[in-house]
Amino acid sequence: MGADIGTRLAHDRRGSRGYGPVPRLDRRHARIVLLALAGLAMALGARALLAPNRFPVRSVRIIGHLGRIPQPQLVAAVQPFLDRNFYTLPLDAVSTAVARVPWVGSVRVERRFPRALVIYVGRLHLAARWARGGWVDTSGGHAHLQGYKPPAGLPVFQGPAGREPEMWTRYGQLQALLKPAGLVITALDLSDRGTWRVLLQGGPQLVLGHNACARLTRFLTVFPQLAARRSAMRQVDLRYTNGFAVGWKTGSGDKK
């Protein structure tokens, strides 16, 4: 009997070791299953949330001084996006579409929950007429306005395509130097080689190379001595290192 009891005890101990880990394994598997189900639920929820035909935009608010901006064209630019999913709507695409409307300058688009778009619109302000067609605005951008009569007093820019921002910046720098002398720029030309030509109201034409502002400043220090003969000047070439050359309307150029 003792042997039988010992055999049963040993069997019981082996059995307890064999069945002991099972509950722990079951809890681990349950956690894995729960995590998998939670991940699946999240994925299905995100898929439903981001579906292209779900949660369309409910309202659009446009803020800004519209002025000349044609409101029907503004509405038409936004219309294609109203059926899109509010949460996945590409705001940059909306901004690009609105920016194509005539007289629109700056654009900023924001989401407002629950499902509204707010579009901030700034009116275009023209700075110059582009000689090859179109306009340059005060941010240096190139604008096209069909059938628009140009306002008086805008300078004319001519230069390589894509250099409009640089020309607008340089115009501001040069005009700031010329204004105290009562001189006004009516045309600004930039060649492919980087030569600047500045036509002043009432003449003459100034030719500038590199270090344009520094050389113009040097010329303006002696301009009062030449002002009386300004009407006879055709061109002033400021590209010389130690001076400048004046081209007269009725004679050859004199180097100063």
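Below is a short write-up of the structure. Source: prediction; values computed, not measured. (Residues numbered from 1 in each chain as written. Predicted model: local features only at pLDDT ≥ 70, side-chain atom pairs only at ≥ 80, totals over all residues. Heavy atoms only, no water.)

Let's shift gears to the environment of Leu-199. Along the chain, Leu-199 falls in strand β9 (residues 196-200). Sequence-wise, Leu-199 and Pro-155 are 44 residues apart; in three dimensions their C-alpha atoms are separated by 9.4 Å. Contact partners of Leu-199, with chain neighbours within four places excluded, come to Val-184, Ile-185, Thr-186, Ala-187, Pro-204 and Gln-205. (Helix = DSSP H or I, 4+ residues; strand = E, 2+ residues; numbered from the N terminus. Contact = heavy atoms within 4.5 Å.)

Moving on: the sheet that holds strand β3 (residues 116-123). Spatially, three strands are ordered β1-β3-β2 in an open sheet, and the strand pairing comes out mixed. The sheet is open, and its two edges are formed by β1 (59-63) and β2 (104-112), each paired on a single side. Averaged over all adjacent pairs, the angle separating strand axes in this sheet is 20°, with direction ignored. Across the sheet, helix α4 (residues 91-99) touches β2 and β3, and the angle it forms with β2 is around 150°. (Pairing = 2+ DSSP bridges. Axes fitted to C-alpha atoms, helices over the stretch in contact; angles between N-to-C directions.)

Structurally, the position occupied by Thr-195 is in the loop between β8 (185-190) and β9. Classification of Thr-195 as buried rests on a relative accessible area of 15%. Separated by 14 residues in the primary sequence, Thr-195 and Gly-209 place their C-alpha atoms 4.9 Å from one another. (Buried < 20%, exposed > 50% of the residue type's maximum accessible area, 1.4 Å probe, protein only.)

Another aspect to go through is the packing of aromatic side chains. Geometrically, a pair of aromatic rings is defined through the distance of the ring centres and the angle of the planes. All chains considered together, the criterion is met by seven aromatic pairs. When the ring of Phe-157 is compared with that of Tyr-171, the centres are 5.6 Å apart and the planes differ by 55°; the resulting orientation is tilted. Here the residue Phe-157 occupies a position in strand β7 (residues 156-158), and Tyr-171 occupies one in helix α5 (residues 164-178), the gap between them amounting to 14 residues. Residue Tyr-171 is classed as buried on the basis of its relative accessible area of 13%. Relative to Phe-244, the ring of Phe-219 lies with its centre 5.3 Å away and its plane at 90°, an arrangement referred to as edge-to-face. (Phe/Tyr/Trp six-rings, centres within 6.5 Å; stacked < 30°, edge-to-face > 60°.)

Attention now moves to the pairing of strand β10 (residues 205-208). Of the strand pairs in this sheet, β9 and β10 are connected by four bridges, and their pairing is antiparallel. Looking at β10, one finds that Val-198 is bridged to Leu-206. Between β9 and the antiparallel strand that follows it, β10, lie four residues; Gly-202 among them carries a positive phi value of about 85°. Pairing geometry for β10 and strand β11 (residues 233-237), over three bridges, is parallel. Within β11, the residue paired with Gln-205 across the bridge is Gln-235. Remark: the β10/helix α6 (residues 212-226)/β11 crossover connection has left-handed handedness. (Right-handed = clockwise from strand over helix to strand, strands pointing away.)

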